[in-house]
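Descriptive structure summary
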Amino acid sequence: MTIKEKIEALRRELREHNHKYYVLASPTISDYEFDMKLKELQALEEQNPEFMDETSPTMRVGGTVTKNFETVVHEHRMYSLDNSYSREELLDWEKRVLRILGGFTVNFTCELKYDGASISLTYENGELVRGVTRGDGFQGDDVTANIRTIKSVPLRLKGDFPSKFDIRGEIVLPIDGFAKMNEERINNGEDPYMNPRNTAAGSLKLQDSSLVAERPLECLLYGITGSKLNFSSQFDMLLKAREWGFKVPAAAKLCETTAEVMQFLEYWDIERHNLPYETDGVVVKVNSLQQQEELGYTAKSPRWALAYKFKAEQAVTILNEISYQVGRTGAITPVANLQAVLLAGTTVKRASLHNADQIAKLDIREGDTVHVEKGGEIIPKIVSVDLSKRPANSIPTRYITNCPECGTKLRRKVGEAQHFCPNESGCPPQITGKIQHFISRKALDIEGLGSETVELLYKEGLINNYADLFILTKDQLMPLERMAEKSAENLINGVAASVNIPFERVLFGLGIRYVGETVAKKLAKAYKNIDALMVATANELEMVDEIGERIAESVVNFFEEEKNRDIINQLKEYGLQFSLTDKQLDGQTDKLKGQTFVVSGVFEKVSRTELKKNIEDNGGKVSSSISSKTSFVVAGANMGPSKKEKADKLGIPIISEDEFLALIN
Ligand code: AMP
Ligand code: ZN
């Protein structure tokens, strides 16, 4: 087998496994085996850059940074759908359809209406060439780099696909994945995202595609446009798309009559709550494509389709009590404790009240009868208060003025919705929360120590901050409840082992507000050690990619606090990693500082990925589209003609691979 054949065989195999895992949800190999094969392919591709291929499974990890998404005109307009909310409206629509078609019988394909961000994907010769957002329906943004990272989007098709077509679908964020993302945000002291739909749409516009790759997005497909298509009905189109490798949800059903359509609606009105992603209705489509063509479009939507929207489910219950939670960063969240009520298939006992403004807006009081709704949000929300049921002796809610945990007077910063407890070093949930964050999996990942033990150790007066973990002794631990000799040893060994955790994770573990995992990585890379970072000014910090004013300020504030500096000094003494290792620093320079590069074409000496890494390792930035801010275009063979034209027009120098390598060596 030649190298080329080997690479192609691996790609085929990995594609097949990707499809089984992400589209069919029935993997046949372990994650580990998959990773091993992917690594093997990655290595082969790096050693043999001439076989680079944009549709390779290795492209899924992302890494392209797009500052300005290019506008693309849709070849076929992306229409809206007419909405209906009742059976009557549906029957009226059927009558209209039959009238226009003049006496033919009509079948319908029913599909779920997925609630996410619309996308149009273009395939040429079975390869994904472009992904464009809906935009205003006439033109959208080219988000191809981000789309490539979504594992259920096939980069290369199989079977009897037409040579060129567009396929439309919806990018959704499954509910579970969304909940996990929010958990992490709350852990990082960030505000949680409102709902999966907006987060999915926002994800498509992230500038760094490797961040998109980390989000559990999915792409569900429902419609194809193009010429020379080898199917003649909506339902067959779905079957074909599925064969070629697209994810087409199994719910789609061919219905011969509107009575069957009604059954479909009834069934999914209940059953949709068991789906992994959100739906807000059903789309009923005339099945025959020829009939669709005859029916045509109104100014804004096809006449051959109708969206039937489900009602957001509501329930009525009583608000027993408003309580207040204190997070790791001191943020206060008011919580409505409700009399238990069944809503959309689950028992609801609590609802979020967000903040003081929300409470004032609803004029909500303990003892009130309230309407709760489960809409796009995971946590139910209170939509209104039934004032007619308000008890005569009801007392207006007064937002707490002091921390429920430590009694400190609460503060609220201008422009921020949340109150917070400023007693960072003396407020129990803030103290334990910070330690719990420090030991968490993505930070120091300390084995043998869990959240409950942290609370116990704190209550017993053994720890007051995360540095205290490093001076715990077995003698101190042994007398504690539920602590055997073995578990005490494990805890101490776990703490000791964390001195090997790399700098960026230690930095993340410090729990600086707004410094999540990715920001910590960027800061570690830019500053290389904590001493340099500690003296950085807000202005300097903002020069780092993706670091804005809010983060910069938070970092500066953190290091200004003397007790934080003390704790860091202690951690240093205990041997934790506070700088990048020599290996991480190897080959890193500032030679390209302040310069932005666009890479285009195929290269001979280094792979595209290596080239980009070279740029970043030398302090430069990589961008995917040419603008007046581009310093150089590095061009290999087959550079895109439109890129060349744009570079020439803007007078951006185009350099070869050799010229680039000369810049850094
Ligand atoms: P609207 O935004 O309410 O006008 O609805 C139109 C949007 O519904 C389209 O942009 C689609 O992205 C989305 N949609 C979700 N599921 C489907 C489906 N099965 N068929 C057609 N459109 C759908
Ligand atoms: Zn407090």
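Check the entry above for the structure.
Described below are features of the structure shown in this document.

Procedures and definitions
- Residues numbered from 1 in each chain as written.
- Chains lettered and ligands numbered in written order.
- Predicted model: local features only at pLDDT ≥ 70, side-chain atom pairs only at ≥ 80, totals over all residues.
- Heavy atoms only, no water.
- Helix = DSSP H or I, 4+ residues; strand = E, 2+ residues; numbered from the N terminus.
- Rg over C-alpha atoms; globule rule 2.2 N^0.38 Å.
- Buried < 20%, exposed > 50% of the residue type's maximum accessible area, 1.4 Å probe, protein only.
- Contact = heavy atoms within 4.5 Å.
- Areas by Shrake-Rupley, 256 points an atom, 1.4 Å probe, with all protein chains shown as cover.
- Lys, Arg positive; Asp, Glu negative; His and termini not counted.
- Charge placed at Lys NZ, Arg CZ, Asp CG, Glu CD.
- Pairing = 2+ DSSP bridges.
- Donors = N, O, S within 2.8 Å, 3.2 Å for Na, K, Ca; no water.
- Tetrahedral: all angles 85-135°; square planar, octahedral: opposite > 155°, others 65-115°.
- Near = heavy atom within 4 Å.
- Polar contact = N/O pair within 3.5 Å; in protein donor to acceptor, adjacent residues only side chain to side chain.
- Nonpolar A, V, L, I, M, F, W, Y, C, P; charged D, E, K, R; others polar.
- Axes fitted to C-alpha atoms, helices over the stretch in contact; angles between N-to-C directions.
- Parallel < 35°, antiparallel > 145°, perpendicular 65-115°, else oblique.
- Salt bridge = Lys/Arg side-chain N within 4 Å of Asp/Glu carboxyl O.
- Expected span 1.5 Å × (residues − 1).
- Arc of directions from axis to C-beta.

Concerning the overall build of the protein
Across its full length, the protein holds 25 helices and 20 strands. Relative to the 2.2 N^0.38 estimate, which gives 26 Å for 665 residues, the radius of gyration of the protein is 28 Å and therefore close to what a compact globule would have. Based on the C-alpha atoms only, the size of the protein along its principal axes is roughly 85 × 80 × 50 Å. Among the 665 residues that make up the protein, the fraction classed as buried is 49%. Contacts spanning at least 24 positions in sequence make up 68% of the contacts within the protein whose residues lie at least 6 apart. Working note: accessible area of the protein is about 32600 Å², and carbon and sulfur atoms make up 49% of it. Side chains of the protein carry 84 positive and 97 negative charges; the gap between the two charge centres is 3 Å.

Some remarks on the pairing of strand S3 (residues 108–114)
In terms of burial, S3 is a largely internal element, seven of the seven residues being buried. Where S3 lies against strand S9 (residues 253–255), three bridges are found, and the strand directions are antiparallel. Considered in S9, the bridge of Thr109 is made with Leu254. One ladder, built from seven bridges, connects S3 with strand S10 (residues 279–286); its direction is antiparallel. Note on S10: the bridge partner recorded for Thr109 is Lys285.

Considerations on the sheet that holds strand S2 (residues 83–84)
Pairing is mixed across the open sheet formed by five strands, whose spatial order is S2-S11-S10-S3-S9. Since the sheet does not close on itself, it has two edges, and those belong to S2 and S9, each with one partner. Across five bridges, the pairing between S10 and strand S11 (residues 305–309) is antiparallel. Within S11, the residue paired with Lys285 across the bridge is Ala305.

Considerations on the coordination of the zinc ion (ligand 2)
For the zinc ion (ligand 2), every protein donor is listed as Cys403 (SG), Cys406 (SG), Cys421 (SG) and Cys427 (SG), and the spread of their distances is 2.2 to 2.4 Å. Each of the four donor atoms bound to the zinc ion (ligand 2) contributes to angles spanning 100 to 116 degrees, and the resulting shape is tetrahedral. Read in sequence order, the donor residues coordinating the zinc ion (ligand 2) give the pattern C-x2-C-x14-C-x5-C. You can see Cys403 sitting in the loop between strand S16 (381–385) and helix H12 (428–439) and its partner Cys427 sitting in the loop between S16 and H12, a full 24 residues away along the chain. Residue Cys403 is classed as buried on the basis of its relative accessible area, which comes to 5%.

Re unusual backbone geometry
The phi dihedral of Lys228 falls on the positive side, at around 50 degrees, and the residue is not glycine. In this fold, Lys228 is placed in the loop between strand S8 (218–226) and helix H8 (234–244). Even without glycine at this site, Tyr514 takes up a positive phi of about 75 degrees. Relative to the elements of secondary structure, Tyr514 occurs in the loop between helix H16 (503–509) and helix H17 (517–527). The exposure class assigned to Tyr514 is buried, which follows from its relative accessible area of 9%.

Focus on the site of ligand 1
Taken together, Ser80, Leu81, Glu111, Leu112, Lys113, Tyr114, Ser118, Arg134, Glu170, Tyr222, Val283 and Lys285 make up the full set of residues near ligand 1. For ligand 1, an oxygen atom lies 3.3 Å from a polar atom in the side chain of Lys113. In isolation ligand 1 has 490 Å² of accessible area, and contact with the protein removes 87% of it. Contributions of two or more residues to the shell around ligand 1 are made by S3 and S10. The greatest single-element share of the shell around ligand 1, amounting to four residues, is contributed by S3. When the residues that make up the shell around ligand 1 are grouped by side-chain class, the tally is five nonpolar, two polar and five charged.

A look at the packing of helix H20 (residues 549–560) against helix H21 (residues 562–573)
Helix-helix packing is characterised by the crossing angle of the two axes and by the distance between the axes. It is at 5 Å that the axes of H20 and H21 come closest, and there the two elements cross at 75 degrees. With respect to H21, the element H20 is oriented roughly perpendicular. Every residue of H21 that contacts H20 at Phe558, Phe559 and Glu560 is listed here: Glu562, Asn564, Arg565 and Ile568. Classifying every residue of the contact of H20 with H21 gives three nonpolar, one polar and three charged.

Examining the pairing of strand S7 (residues 164–172)
Counting buried positions along S7 gives eight out of nine residues, so the element sits mostly inside the fold. Taken together, the eight bridges between strand S4 (residues 117–124) and S7 define a ladder with antiparallel strand orientation. Residue pairing across strands places Glu124 opposite Lys164, the latter belonging to S7.

Observations regarding the pattern of salt bridges
When the charged atoms of two side chains lie near each other, side chains of opposite charge can form a pair. Enumeration according to the criterion identifies 38 salt bridges in this entry. Between Lys95 and Asp92 there is a salt bridge, with its nearest N and O atoms 3.9 Å apart. Pair noted here: Lys95 and Asp92 are both in helix H3 (residues 87–101), with a separation of three residues, about one helical turn. Under the relative-accessibility criterion, Lys95 is labelled exposed at 55%.

Quick look at helix H9 (residues 258–271)
Between its first and last C-alpha, H9 extends 20 Å over 14 residues, near the 20 Å set by a 1.5 Å rise per residue. Residues of H9 that are buried: Thr258, Val261, Met262, Phe264, Leu265 and Trp268. Viewed along the axis of H9, the buried residues span an arc of 160 degrees, placing them on a single side of the element. For H9, the exposed residues set more than 90 degrees away from the buried face come down to Gln263 and Ile270. On its buried side, H9 packs onto H3, S3, S9, S10 and S11.

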